[in-house]
Amino acid sequence: MLINQLALVSETKINKINPSQINRVAAALQKQATRDFAPLWQVNATVDAFDRLEDVPVGYWPLIVVDDVPDAAGYHTDENGQPFSLIEFSDSWSMTASHEMLEMLADPFGNRLVSGKSPHPEQGQARFLVEVADPSEAEEFGYTVNGLLVSDFFTPHFYDPVTVPGTRYSFGGHITAPRTILRGGYISFEDSATGEWWQQTWFEGKEPTFRGLGRLSGSGSIREAIDAQTKTVSRLAASGPSSKPYLAARTLTARVKESTGARADVWRAQIERLKGANPAANAFTAKPKAKPKGKKAK
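Residues numbered from 1 in each chain as written. Predicted model: local features only at pLDDT ≥ 70, side-chain atom pairs only at ≥ 80, totals over all residues. Heavy atoms only, no water.

Asker: How should I be thinking about the overall build of the protein in this particular structure?
Answerer: Helix and strand counts for the protein stand at six helices and 12 strands. Counting all 298 residues of the protein, 46% fall into the buried class. Partitioning the contacts of the protein with sequence separation of at least 6, the portion at a separation of at least 24 is 58%. (Helix = DSSP H or I, 4+ residues; strand = E, 2+ residues; numbered from the N terminus. Buried < 20%, exposed > 50% of the residue type's maximum accessible area, 1.4 Å probe, protein only. Contact = heavy atoms within 4.5 Å.)

Right, here's the structure in full:
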């Protein structure tokens with residue numbers, strides 16, 4: 001199985017993110033990709049942190065943290081059609097980075113469609129854009145990895161034709177039926193009869209609503225066009241820091257740092273003891289014992 005190689009790098013203007021922070025988030029994303037996402041989606045990936053874009057090796061798909069995203073589209077492709085994502089900086093940028101990583105892994109090129117019954121009561125069959133983090137994208141459904149807030153995501157069963165009790169439709173278990181969204185989330189689909197795109201959104205109010213997007217145009221991918229209209233990245237950046245899950249994760253992060261700091265002190269103390277004892281040097285410098293006098297060798 002091919003391994004997707006992702007690079008996490010900051011391009012913020014005033015050094016809002018230091019190397020320690022970017023490394024911590026990269027480690028959390030790597031654990032989420034390997035432990036949580038890969039077993040459900042059969043996608044293998046590595047996530048590495050880099051100081052500068054110039055350090056990113058050729059062939060890596062970059063996740064780039066910036067001060068703001070002008071067109072609010074997180075997903076893009078370069079001149080060779082390779083994917084990259086823009087992450088708008090905020091105090092909870094780890095969740096936005098997780099959101100973008102998960103969607104890049106599930107659909108690297110932004111055009112993956114799955115057919116099924118439309119959620120719109122006046123439509124029949126539809127083709128859904130595979131955006132694994134959007135239906136449950138709100139921070140209240142996120143969870144923590146290494147003390148950092150990351151995004152929930154749906155499983156391949158999300159597109160099942162019927163609801164089956166006991167089936168896992170999202171990693172966190174918040175989605176309980178196929179092709180349904182949670183408060184703060186949305187889903188995008190094409191009406192197979194008309195070729196027009198629609199969304200079911202739940203950004204406000206007590207119930208989800210539908211809105212028509214018409215026929216998508218442009219040279220980019222479907223996801224790029226959808227992102228520009230939905231402004232997911234900017235919405236996540238604005239809502240995350242004020243949410244209860246982020247505040248809880250912030251407290252947990254402080255405790256994790258306390259634990260890792262204490263562990264680092266133990267390691268350093270042990271290293272100093274080893275340096276003091278220097279058993280390797282003693283082994284090489286020890287002189288061989290002299291043979292007792294008066295005894296002949298046999």
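Asker: Could you clarify how one ought to interpret the packing of helix 2 (residues 93-106) against helix 4 (residues 232-239) in this entry?
Answerer: Each packed pair of helices is defined by two parameters, the angle between the axes and the distance between the axes. For the pair helix 2 and helix 4, the least separation of the axes is 9 Å and the interaxial angle reads 150 degrees. As far as their axial angle goes, helix 4 and helix 2 are roughly antiparallel. Considering how the two elements wind past one another, helix 2 and helix 4 form a crossing that is right-handed. Contacts from Thr-96, His-99 and Glu-100 of helix 2 reach helix 4 at Thr-232, Val-233, Leu-236 and Ala-237. Residue classes in the contact of helix 2 with helix 4 are distributed as three nonpolar, three polar and one charged. (Axes fitted to C-alpha atoms, helices over the stretch in contact; angles between N-to-C directions. Parallel < 35°, antiparallel > 145°, perpendicular 65-115°, else oblique. Left-handed = near helix turned anticlockwise from the far one by under 90°. Nonpolar A, V, L, I, M, F, W, Y, C, P; charged D, E, K, R; others polar.)

Asker: How should the layout of surface pockets be read in this particular structure?
Answerer: Gaps left between atoms are located by rolling a probe of water-molecule size over the structure's atoms. Roughly 240 Å³ of internal volume is contained in the second largest pocket. Considering the residues around the second largest pocket, the lining is formed by 14 residues, among which Pro-57, Gly-59, Tyr-60, Pro-62 and Asp-78 are closest to the centre. Residue assignment for the lining of the second largest pocket shows that the elements contributing at least two residues are strand 3 (61-66) and strand 5 (83-88). Per-element tally for the lining of the second largest pocket: the top contributor is strand 3, with three residues. Tallied by class, the residues present in the lining of the second largest pocket amount to 10 nonpolar, three polar and one charged. (1 Å grid on protein atoms, 1.4 Å probe; cavity = no way out; pocket = protein on both sides within 12 Å on 5 of 7 lines; lining within 4 Å. Points joined across faces, edges and corners; volume = space filled by probe spheres on them.)

Asker: Mind showing me how you'd approach the pattern of salt bridges here?
Answerer: Proximity of charged atoms lets side chains of opposite charge pair with each other. Here the structure, examined in full by the defined rule, presents eight salt bridges. For Glu-100, the salt bridge is made with Arg-223, and the minimal N-O distance between the two is 2.9 Å. Remark: Arg-223 occurs in helix 3 (residues 222-230) and Glu-100 occurs in helix 2; sequence separation between them is 123 residues. Comparing Glu-100 with Arg-223, the two get one shared label, buried. Taking the shortest distance from any N to any O, the salt bridge between Asp-227 and Arg-223 comes out at 3.8 Å. You can see Asp-227 and its partner Arg-223 sitting in helix 3, four residues apart, about one turn around the helix. Across this residue pair, the class does not change: Asp-227 and Arg-223 are buried. (Salt bridge = Lys/Arg side-chain N within 4 Å of Asp/Glu carboxyl O.)

Asker: When you look at the pairing of strand 3 in this model, what are you seeing that I'm missing?
Answerer: By the criterion of burial, strand 3 is predominantly enclosed, with six of the six residues buried. In terms of strand pairing, strand 3 meets strand 5 through four bridges, oriented parallel. The residue of strand 5 that forms the bridge with Val-66 is Glu-88. (Pairing = 2+ DSSP bridges.)

Asker: Would you take a moment to explain helix 1 (residues 19-41) for this structure?
Answerer: A turn of α-helix holds 3.6 residues, and therefore any two residues three or four places apart point the same way. Approximately 35 degrees is the largest bend angle found in helix 1, and it occurs at Ala-33. Taken together, the buried positions of helix 1 are Ile-22, Val-25, Ala-26, Ala-28, Leu-29, Gln-32, Ala-33, Asp-36, Phe-37, Ala-38 and Trp-41. In the core, the buried residues of helix 1 are packed alongside strand 1 (3-10), strand 2 (44-50), strand 3, helix 2, strand 8 (143-145) and strand 9 (148-150). Capping the start of helix 1, Asn-18 holds a side-chain oxygen 3.1 Å from the backbone nitrogen of Ser-20, two or three residues further along. Backbone geometry just downstream of helix 1 places Gln-42 in the positive-phi region, at approximately 55 degrees. (Bend = angle between axes of the 7 residues up to and from the residue. Polar contact = N/O pair within 3.5 Å; in protein donor to acceptor, adjacent residues only side chain to side chain.)

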